[in-house]
Amino acid sequence: VELAIPAYERAVRLDPTHHDALSNLGSARHKVNDLQGAIKAYKEAIRIVALLDESQVDHQMLSMLHYLLGSAVSSQEDHKCRPTPCAQEAARLVRRALDINHANAEAVEALAGMRTDENVTEAAQALAAELYLDYEA
């Protein structure tokens with residue numbers, strides 16, 4: 001993974017609009033616990049995809065980007081997400097992932113986990129429970 005990061009950084013330098021390279025860079029950074037770097041890469045990939053013509057958007061990939069961003073956000077300490085708790089922000093991002101693609105199994109599983117995680121704030125648990133019920137069927 002550590003060898004992949006410089007390769008993805010080089011790919012992004014060569015083509016700053018390469019959303020797949022940004023997504024992969026985010027995943028690699030997340031794996032080495034560089035959460036800020038992962039979040040920055042995922043947000044940039046989402047921004048670039050948002051600029052595409054709707055006919056060019058891969059909705060499964062866009063949904064996964066929101067899920068991955070939510071995953072990285074949920075791994076942060078709450079003071080990094082103020083004023084909103086990180087878990088609540090993560091639940092919002094996972095909800096966005098499911099709005100884009102209801103079949104995103106990872107996002108559904110993440111919401112299920114948020115419902116029962118005792119480290120998640122009450123507000124985030126309530127939001128996750130509400131969202132999970134929307135997608136349970």
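What this report covers is the structure whose coordinates are included nearby.

Each value, and the rule that gives it
- Residues numbered from 1 in each chain as written.
- Predicted model: local features only at pLDDT ≥ 70, side-chain atom pairs only at ≥ 80, totals over all residues.
- Heavy atoms only, no water.
- Core = buried A, V, L, I, M, F, W, Y, C linked by side-chain atoms within 4.5 Å.
- Buried < 20%, exposed > 50% of the residue type's maximum accessible area, 1.4 Å probe, protein only.
- Helix = DSSP H or I, 4+ residues; strand = E, 2+ residues; numbered from the N terminus.
- Contact = heavy atoms within 4.5 Å.
- Expected span 1.5 Å × (residues − 1).
- Polar contact = N/O pair within 3.5 Å; in protein donor to acceptor, adjacent residues only side chain to side chain.
- Salt bridge = Lys/Arg side-chain N within 4 Å of Asp/Glu carboxyl O.

### Comments concerning the nonpolar core
- Among the nonpolar cores identified, the biggest contains 36 residues, and Y42, L65, L69 and V73 are the most heavily contacted of them.
- Counting only elements with at least two residues in this core, the list comes to α1 (4–14), α2 (19–31), α3 (35–50), α4 (59–74), α5 (86–100) and α6 (105–116).
- Excluding residues within four positions of it along the chain, V73 makes contact with I39, C81, C86, E89, A90 and L93.

### Looking at α4
- In a regular helix each residue adds 1.5 Å, so 16 residues correspond to 22 Å; α4 covers 22 Å between its end C-alpha atoms and thus fits that length.
- Those residues of α4 that fall on the buried side of the exposure criterion are M61, L62, S63, L65, H66, Y67, L68, L69, G70, A72 and V73.
- Here α4 starts with a cap whose side-chain oxygen sits 3.1 Å from the backbone nitrogen of Q60, and that cap is D58.

### Thoughts on α2
- Here α2 contains 13 residues, and its C-alpha end-to-end distance of 18 Å stays within 8% of the 18 Å for a straight helix at 1.5 Å per residue.
- The element α2 is extensively covered by neighbouring structure, given that 10 of its 13 residues are classed as buried.
- Of all the positions in α2, only H19, A21, L22, S23, L25, G26, S27, A28, R29 and H30 are classed as buried.
- N33 sits one or two positions beyond α2 and adopts a positive phi of about 65°.

### Brief notes about the pattern of salt bridges
- A full pass over the atoms with the stated rule returns 5 salt bridges.
- In this structure, the salt-bridge partner of E44 is R47, at a minimum N-O distance of 2.7 Å. One end of the pair, E44, and the other, R47, are both in helix α3, 3 residues apart, so they sit about a helical turn from each other.
- Notably, a salt bridge pairs R95 with D99, separated by 3.1 Å at the nearest N-O pair. Of the two residues, R95 and D99 are both situated in helix α5; the distance of 4 residues between them amounts to about one turn of the helix.

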